[in-house]
Amino acid sequence: MSDTETTPAAAPAKPKGKLPKIIMLVVGVLVLIGGGIGAGLYAAGSGLIGGKSAKAGPAGPRLVPKSEQKHPGEGKEGGGHGGGESAEAKPAEDHGMPTPAGEGGERYASNYYAMEKDFTANLQDSVHFLQVGIAISTPYDDTVIRNLKTNDIAVRSAVLMTLGDTSEDQVFTSEGKQALAKRLAVAINRVLKEKEGFGGVGNVYFTNFVVQ
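Reading guide: rules and limits
Residues numbered from 1 in each chain as written. Predicted model: local features only at pLDDT ≥ 70, side-chain atom pairs only at ≥ 80, totals over all residues. Heavy atoms only, no water. Buried < 20%, exposed > 50% of the residue type's maximum accessible area, 1.4 Å probe, protein only. Helix = DSSP H or I, 4+ residues; strand = E, 2+ residues; numbered from the N terminus. Pairing = 2+ DSSP bridges. Phe/Tyr/Trp six-rings, centres within 6.5 Å; stacked < 30°, edge-to-face > 60°. pLDDT = per-residue confidence, 0-100. Contact = heavy atoms within 4.5 Å.

## Here's the deal with the pairing of strand 1 (residues 111-114)
Thought 1: By the alternation rule, side chains of strand 1 split into N111 and Y113 and Y112 and A114, which are all buried.
Thought 2: With four bridges joining them, strand 1 and strand 3 (residues 129-138) adopt antiparallel strand pairing. Pairing of N111 across the sheet is with T138, part of strand 3.

Printed below as a string of C-alpha cells:
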C-alpha cells in the first residue's frame, strides 16, 4: 500500500440515547409528588394540619377539679355568683353528679349561676303567693350554664310549675324549703336533658324567698 494512501476515518460514535434518562427523571418527579400528596392527606386526616387538633379533647361538659375553681370576679359565665353553701338547700338527688370526696369536701369545684329574674307563683290551694330568686351550682364547666341560658324560657316555665305545686306547709319550714330546692333541681335537669341531652345541675339555692 502506498504511503500516500489515506486510512479511512473511523466512524463517529453513535450518541447514547437520551430517552431512558428522561423517563427516569419523569418517574422520579412523579414519585416525589405522589409521596408529598400522600403525606399531606395523612396529616390532614390525622388532624395534624387544618381542622381540629388531634390532641383536642371533647368540647364539654367537663368536670372541673377544685384546682381549676373560679373565684368571684373570674370568668363571665359562672364563678361570680358563688358565696359558699346556702343553709336553705342541700345537695339534690343523684342526677349523675359526682359523689362527695368525704369529710374533706367535694372533689369537684362548684360553678355558680344566678338566674336574672325572680319567680312569682301562687301556692297550691292557698291565698298566698311565693316569690323566690334562685341560683344553681354545677360541678361541670360553663357548658351547663350556657345550656341554661339557651333554654331560659323552658327552664323558667319548669320552675314556675314546680313552685305552683308547692303547699304552704313546705314554704314555712326549713325542711320544706330543702325539699323544694331538690324538686327544682330535678325539674331543671329534666328540661336540660330533654333539650340538650345532659342535665348537670347539682344544687339549687334560694337567693330570695318571700311569702305574701
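## Let's talk about the environment of N189
Thought 1: In this fold, N189 is placed in helix 5 (residues 174-196).
Thought 2: Take N189: its relative accessible area is 1%, and that puts it in the buried class.
Thought 3: Separated by 11 residues in the primary sequence, N189 and G200 have C-alpha atoms spaced 6.7 Å apart.

## Quick look at the packing of aromatic side chains
Thought 1: Scanning the model with the defined rule gives three aromatic pairs in all.
Thought 2: Ring centres of Y112 and Y205 lie 6.1 Å apart, and the angle between their planes is 55°; on these two criteria the pair is classed as tilted. In this pair, Y112 is assigned in strand 1 and Y205 in strand 4 (residues 203-211), connecting sequence segments 93 residues apart.
Thought 3: Residue classification places Y112 among the buried positions, given a relative accessible area of 9%.
Thought 4: Overall, the relative accessible area of 5% leaves Y205 in the buried class.

## Observations concerning the confidence of the model for the chain
Detailed reading of predicted coordinates is not advised where the pLDDT is low.
Thought 1: For the chain, the average pLDDT comes to 75, and 57% of its residues sit at 70 or higher.
Thought 2: Predicted confidence is poor over residues 46-57, with pLDDT under 50, and the contacts of this stretch with residues over four places away or in other chains come to eight contacts.
Thought 3: Predicted confidence is poor over residues 75-94, with pLDDT under 50, and the contacts of this stretch with residues over four places away or in other chains come to 49 contacts.

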